[in-house]
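Read off the chains here:
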Amino acid sequence: MQQRYATLNTGLWQEYELGKITRETLLKTRFTRLFRQLGQKIDGVACEKRYRTYLSSGHALVPHASEVCGILKQNFRLEVATNGIAKMQLRRLADSGLANYFERVFVSEEAGFQKPQPGFFNYIAQELPYFDKDKTLIIGDSLTSDITGGNRFGIDTCWFNPNLLTNQTSITPTFQIRQLPDLVKLLEQQK
């Protein structure tokens, strides 16, 4: 069931990223479709609501996240750019203890555009008076939203790939790292 959900959810997020469906459609249909596929008569919308409640309280940190954010904050301005739901993402960030490392949090729900759409990146650039494409790096684990969005917008990209997945797409990140401490080394080399 988890595998079916993961496949279905990933497909819906990709449709959302491409602007083919709305956030509301994604949220209202992912569990409904899953239960239909499993032949179950369960209220998918009610399950979605409960799922988001639990998800918003989850915040398992990637190894070295706090340490690396602390190091990077000394020399860089750190921002968050996410396709998530604003209320949920802000709570997770605060509960994780990472919120103080970031100057701003940009959520697609508030921007009116989602990654990888250029409108999302334009929104961020307009909101940050110090924004400079040549001095910006987007770090993310999604080739289809983070890396594609950064590439299209003309900024350097760094694919966080902890499981060393094979990139079977035509999407090319500027850099790739396996662990967050690798990011510190990479940025030191780029000075």
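Details of the structure are given in the entry above.
Residues numbered from 1 in each chain as written. Predicted model: local features only at pLDDT ≥ 70, side-chain atom pairs only at ≥ 80, totals over all residues. Heavy atoms only, no water.

Okay, the sheet that holds strand 5 (residues 175-177) next. Pairing within the open sheet is parallel, and its three strands lie in the order 3-4-5. Each having just a single partner strand, strand 3 (137-140) and strand 5 make up the two edges of the open sheet. Each neighbouring strand pair of the sheet contributes to a mean axis angle of 20°, computed without reference to strand direction. With four bridges joining them, strand 3 and strand 4 (residues 156-160) adopt parallel strand pairing. When the sheet's bridge partners are listed, isoleucine 139 is paired in strand 4 with cysteine 158. Together, strand 3 and strand 4 form the strand contacts of helix 8 (residues 143-153), whose direction differs from that of strand 4 by roughly 165°. (Pairing = 2+ DSSP bridges. Helix = DSSP H or I, 4+ residues; strand = E, 2+ residues; numbered from the N terminus. Axes fitted to C-alpha atoms, helices over the stretch in contact; angles between N-to-C directions. Contact = heavy atoms within 4.5 Å.)

Below, the discussion takes up the side chain of glutamine 89. In this fold, glutamine 89 is placed in helix 5 (residues 86-96). Residue glutamine 89 is classed as buried on the basis of its relative accessible area, which comes to 18%. (Buried < 20%, exposed > 50% of the residue type's maximum accessible area, 1.4 Å probe, protein only.)

As enumerated under the stated definition, the model contains zero disulfides in all. Cysteine 69 carries a free sulfur, and the closest cysteine sulfur to it, the one in cysteine 158, is 13 Å from it. (Disulfide = S-S within 2.5 Å.)

One way to put it is that helix 2 (residues 23-37) packs onto helix 3 (residues 44-56) with a least axis distance of 7 Å and a crossing angle of 115°. When the axes of helix 2 and helix 3 are compared, the crossing they make is right-handed. In this structure, helix 2 uses Leu27, Lys28, Arg30, Phe31, Thr32 and Phe35 to contact helix 3, whose residues at the interface are Gly44, Val45, Cys47, Glu48, Tyr51 and Arg52. A class-by-class count of the residues in the contact of helix 2 with helix 3 yields six nonpolar, two polar and four charged. (Left-handed = near helix turned anticlockwise from the far one by under 90°. Nonpolar A, V, L, I, M, F, W, Y, C, P; charged D, E, K, R; others polar.)

Along a regular strand, successive side chains alternate from one face of the sheet to the other. Across the two faces of strand 1 (residues 79-82) the burial differs, with Val80 and Thr82 buried and Glu79 and Ala81 not buried at all. Relative to strand 2 (residues 104-107), strand 1 is paired through four bridges, and the arrangement is parallel. The residue of strand 2 that forms the bridge with glutamate 79 is arginine 104.

Before going further, it helps to spend a moment on the pattern of salt bridges. Applying the stated criterion across every chain, the model contains eight salt bridges. Its salt-bridge partner being glutamate 109, residue arginine 23 comes within 2.9 Å of it at the nearest N-O pair. Here the residue arginine 23 occupies a position in helix 2, and glutamate 109 occupies one in helix 6 (residues 108-111), the gap between them amounting to 86 residues. By relative accessible area, which is 18% here, arginine 23 ends up buried. Measuring nitrogen to oxygen at the nearest pair gives 3.0 Å for the salt bridge that ties arginine 52 to glutamate 48. Here the residue arginine 52 and the residue glutamate 48 both occupy positions in helix 3, the gap between them amounting to four residues, near one helical turn. The exposure class assigned to arginine 52 is partly exposed, which follows from its relative accessible area of 27%. Ionic contacts of the salt-bridge type, sharing partners, join the residues Arg23, Glu24 and Glu109 into one network. (Salt bridge = Lys/Arg side-chain N within 4 Å of Asp/Glu carboxyl O.)

Limitation: the analysis is restricted to geometry and does not speak to function.
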